[in-house]
Amino acid sequence: MREWLIAIAVVLWGACGSGPNAGAIDAAPGGADAAIDGAPNAPDAGPAATCTGAGFAVAATSFALPSGFATRAFIDDHEDTCATVAPRFALVDLDGDRAEEVVVTSLCADGAVGTSEWRVGTSSWALPPGFAARAFWGTSNDDCNAGPRYVLADLTGDLRPDLVVTSTCDQSTVGSDHWLVYANTGAGFASTAISWPLPSGFASRAFDHAHSDACGTAAPIFALEDLDGDHRPDLVVTSACDQSSLGTDHWNVYANTGSAFSAATSFALPSGFATRAFIDDHEDTCATVAPRFALVDLDGDRAEEVV
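Note that this is a predicted model, so its numbers are computed, not measured. (Residues numbered from 1 in each chain as written. Predicted model: local features only at pLDDT ≥ 70, side-chain atom pairs only at ≥ 80, totals over all residues. Heavy atoms only, no water.)

K.L.:
Give me the overall build of the protein: which residues, what numbers.
P.N.:
Helix and strand content of the protein: zero helices and 17 strands. In the protein, which comprises 307 residues, the share counted as buried stands at 42%. Accessible area of the protein: about 14200 Å², with a carbon and sulfur share of 54%. (Helix = DSSP H or I, 4+ residues; strand = E, 2+ residues; numbered from the N terminus. Buried < 20%, exposed > 50% of the residue type's maximum accessible area, 1.4 Å probe, protein only. Areas by Shrake-Rupley, 256 points an atom, 1.4 Å probe, with all protein chains shown as cover.)

Structure (structure tokens):
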């Protein structure tokens, strides 16, 4: 039987044990909840272990893997390339039960996988029709040379990720005034898209990705982040490039209503930092008055804070 062992690796502070997030059901970044208990397991290569609330269990349990693939096909928790019997796959909670599944998104020997279906265990997960062969070869794509741009995001707020096409690459309106949202049915993605309106007043194709970290004329820097804690990611414009205050003392947040983004509201930023210090939703380098920061829900209210 092909399997992973779920044994001690690292302790995720705040995910179990003590701290402000003790007992939280949301996995820390990279933490896979393979045990279906709502607590993150060790995220990195090597033995992993179930979070018991005060640490990881010493004894490993076996996590069965899909059969019919090459030896060592699943030696990592994801794979971005494929071969004859070595699939592309990722760990994703598609059905909303808070447990991640091994989702095979492309198999080079089977053209249906990534075209009309993904494989989840022994089941078929339906993909939207009307796109090119292997258009959905991964769980996301931001390159128009490889099919439509899309991402998995729970825009509808039912705790199941939807397939969001942000650009078809041949339709100028998709990514300009709307996205195509293929709602998650619990057993596949809907065959017909919801037209998801986008904010007006920006350049054509300004939102042809789910995230942008570069700006131009009327083309903002933005991200999908749940800033109000309602389980629905909001559209957060962190810089418009022609407004020095945006990204300095506030962001514009277009709240997710469950069927669209609402009119912008102002989200106050920490003071005392350089102009445009917060033009993205995170920063990995720092300068004199330009901080490293990230959006994290530290206090457990499900709304992300600037940390």
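K.L.:
Give me the sheet that holds strand 5 (residues 101-106): which residues, what numbers.
P.N.:
One open sheet holds the five strands; their spatial order is 3-4-5-6-7, and the pairing between them is antiparallel. The outermost strands of the open sheet, each flanked by one partner alone, are strand 3 (78-79) and strand 7 (123-126). Pairing between strand 6 (residues 117-120) and strand 7: four bridges, direction antiparallel. Bridge assignment links Glu 117 to a residue of strand 7, and that residue is Ala 126. (Pairing = 2+ DSSP bridges.)

K.L.:
Tell me about the state of the cysteines, and please be specific about residues and values.
P.N.:
A complete count under the given rule lists one disulfide for this structure. The disulfide bridge from Cys 144 ends at Cys 169, spanning 1.8 Å between sulfur atoms. Its S-S torsion of approximately -85° makes the covalent link between Cys 144 and Cys 169 left-handed. With a gap of 25 residues between them, Cys 144 in the loop between strand 7 and strand 8 (149-153) and Cys 169 in the loop between strand 9 (162-167) and strand 10 (178-182) connect regions that are remote in the sequence. Judged by its relative accessible area of 27%, Cys 169 is partly exposed. (Disulfide = S-S within 2.5 Å.)

K.L.:
Now, about the environment of Ser 271: what can you tell me, with residues and values included?
P.N.:
Here Ser 271 shows up in the loop between strand 15 (261-268) and strand 16 (295-296). Judged by relative accessible area, which is 69%, Ser 271 ranks as exposed. Residues Ser 271 and His 250, 21 residues apart in the sequence, show an inter-C-alpha distance of 9.6 Å.

K.L.:
So what about the sheet that holds strand 9? Which residues, and what values?
P.N.:
Taking strand neighbours across the sheet as the criterion, the four strands line up as 8-9-10-11 in an open arrangement whose pairing is antiparallel. Both edges of this open sheet fall to strand 8 and strand 11 (194-197), since each of them pairs with a single strand only. In this sheet, adjacent strand axes meet at a mean angle of 30° when their direction is disregarded. The pairing of strand 8 with strand 9 spans five bridges and is antiparallel. Residue pairing across strands places Val 151 opposite Val 164, the latter belonging to strand 9. (Axes fitted to C-alpha atoms, helices over the stretch in contact; angles between N-to-C directions.)

K.L.:
Could you give an account of the packing of aromatic side chains, with specific residues and numbers?
P.N.:
Within this structure, the stated rule accounts for 14 aromatic pairs. With 5.1 Å between their ring centres and 75° between their planes, Phe 131 and Phe 136 make a pair best called edge-to-face. Taking the relative accessible area as the measure of exposure, Phe 131 reaches 23% and is therefore partly exposed. Look at Phe 136 and you get buried, because its relative accessible area is 0%. Between Trp 196 and Phe 261, the aromatic rings sit 5.8 Å apart at their centres with planes inclined by 70°, giving edge-to-face as the arrangement. With Trp 196 in strand 11 and Phe 261 in strand 15, this residue pair connects regions lying 65 residues apart in the sequence. Phe 261 gets classed as buried once you look at its relative accessible area, which sits at 10%. One aromatic cluster is present, formed by Phe 131, Phe 136, Tyr 150 and Tyr 182 through successive ring pairs. (Phe/Tyr/Trp six-rings, centres within 6.5 Å; stacked < 30°, edge-to-face > 60°.)

K.L.:
Explain the pairing of strand 9 to me, using residue names and the numbers behind them.
P.N.:
The buried fraction of strand 9 amounts to six of the six residues, a majority that puts the element mostly inside the structure. Sheet analysis places strand 9 next to strand 10, joined by three bridges and oriented antiparallel. Each residue of the ladder has a partner; that of Val 164, found in strand 10, is Val 181.

K.L.:
Just give me the short version of the pairing of strand 5, but keep the residues and values in it.
P.N.:
Among the six residues that make up strand 5, six are buried, leaving the element largely enclosed by the rest of the structure. With five bridges connecting them, strand 4 (residues 88-92) and strand 5 associate as antiparallel partners. Among the inter-strand pairings, Arg 88 is bridged to a residue of strand 5, identified as Ser 106. Two strands pair when backbone bridges link them, and strand 5 and strand 6 are joined in this way by two bridges, in the antiparallel orientation.

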